[in-house]
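Descriptive structure summary
This is what each chain is made of:
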Amino acid sequence: MATYTVTKVTTRPNTSTQWPWESLRSGYGNLSEKVVISTSIDSDNLVQTSSFVWASKTDYTQNLRGAGTRDSVLNTKQDEYNTYMKTNNITSRITEEDGTVRVFNSSNKTFEVE
């Protein structure tokens, strides 16, 4: 079965600002059978790169905001994360395997296709 990889690069303004997952905990626990997540943080401790390897592109798209099959727990957790990111001036950019790029828009707290 083919997998589908999505890379998320998140930047915080300073090291006194906690990463969203430090403050709010991970929201991906209930998706563990569909996605494998690996994360690294650069040497200045301001940029976090996460790789999400989904079981398939379908599994990924079914868990995007607005998908009718998306888990309600994930919706709630993403709302919390996005609000935290806006409040703390955290930026984020998602690059999908097919080249689609989504950028966090803090004004409406969503990821929008670039």
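Report on the accompanying structure.

1. Here we look at the overall build of the protein
- Scanning the protein from terminus to terminus reveals three helices and six strands.
- Secondary structure elements of the protein occur, N-terminal to C-terminal, as β-α-β-β-α-α-β-β-β.
- Burial analysis of the protein (114 residues in total) assigns 32% to the buried set.
- Summed over all atoms, the accessible surface of the protein reaches about 6500 Å², with 50% contributed by carbon and sulfur.

2. Some remarks on the pairing of strand E2 (residues 35-41)
- Bridging between E2 and strand E3 (residues 47-54) involves seven bridges; their strand directions are antiparallel. Across the sheet, Ser 38 pairs through a bridge with Ser 51, a residue of E3.
- The antiparallel hairpin formed by E2 and E3 contains five residues in its connecting segment, where Asn 45 sits at a positive phi of about 65°.

3. Remarks on the nonpolar core
- Tyr 4, Val 6, Val 35, Phe 52, Trp 54, Tyr 60, Tyr 84, Met 85, Ile 90, Ile 94, Phe 104 and Phe 111 form the largest nonpolar core, which has 12 residues in total.
- Where this core is concerned, the elements lending two or more residues are strand E1 (4-11), E3 and helix H3 (72-87).

4. Structural notes on the pattern of salt bridges
- All chains considered together, the criterion is met by five salt bridges.
- Among the ionic pairs, Asp 98 bridges to Lys 57, the shortest N-O distance being 2.8 Å. You can see Asp 98 sitting in the loop between strand E4 (91-96) and strand E5 (101-105) and its partner Lys 57 sitting in helix H2 (residues 57-61), a full 41 residues away along the chain.

5. Some points on the pairing of strand E6 (residues 110-113)
- Taken together, the four bridges between E5 and E6 define a ladder with antiparallel strand orientation. Looking at E6, one finds that Arg 102 is bridged to Val 113.
- Once E5 ends, the chain turns through four residues before running back antiparallel as E6, passing Lys 109 with a positive phi of about 55°.

6. Comments concerning unusual backbone geometry
- The backbone of Asn 89 sits at a positive phi, close to 55°, despite the residue not being glycine.
- One can find Asn 89 in the loop between H3 and E4.

7. Remarks on the side chain of Asp 59
- Structurally, the position occupied by Asp 59 is in helix H2.
- Assessed through its relative accessible area of 15%, Asp 59 is described here as buried.
- Filtering out sequence-adjacent residues up to four positions away, Asp 59 remains in contact with Lys 34 and Trp 54.

8. Things to note about H3
- Taking 1.5 Å per residue, 16 residues should reach 22 Å; H3 reaches 23 Å between its end C-alpha atoms and fits that length.
- All of the buried residues in H3 are Leu 74, Lys 77, Gln 78, Tyr 81, Asn 82, Tyr 84 and Met 85. For H3, the buried positions fall inside an angular range of 160° around the axis, keeping them on one side. Away from its buried face, by an angle of more than 90 degrees, H3 presents the exposed residues Ser 72 and Thr 87.
- Within two residues after H3, Asn 89 carries a phi angle of roughly 55°, on the positive side.

Reading the values: the criteria
- Residues numbered from 1 in each chain as written.
- Predicted model: local features only at pLDDT ≥ 70, side-chain atom pairs only at ≥ 80, totals over all residues.
- Heavy atoms only, no water.
- Helix = DSSP H or I, 4+ residues; strand = E, 2+ residues; numbered from the N terminus.
- Buried < 20%, exposed > 50% of the residue type's maximum accessible area, 1.4 Å probe, protein only.
- Areas by Shrake-Rupley, 256 points an atom, 1.4 Å probe, with all protein chains shown as cover.
- Pairing = 2+ DSSP bridges.
- Core = buried A, V, L, I, M, F, W, Y, C linked by side-chain atoms within 4.5 Å.
- Salt bridge = Lys/Arg side-chain N within 4 Å of Asp/Glu carboxyl O.
- Contact = heavy atoms within 4.5 Å.
- Expected span 1.5 Å × (residues − 1).
- Arc of directions from axis to C-beta.

What is shown is where atoms sit, not what they do.
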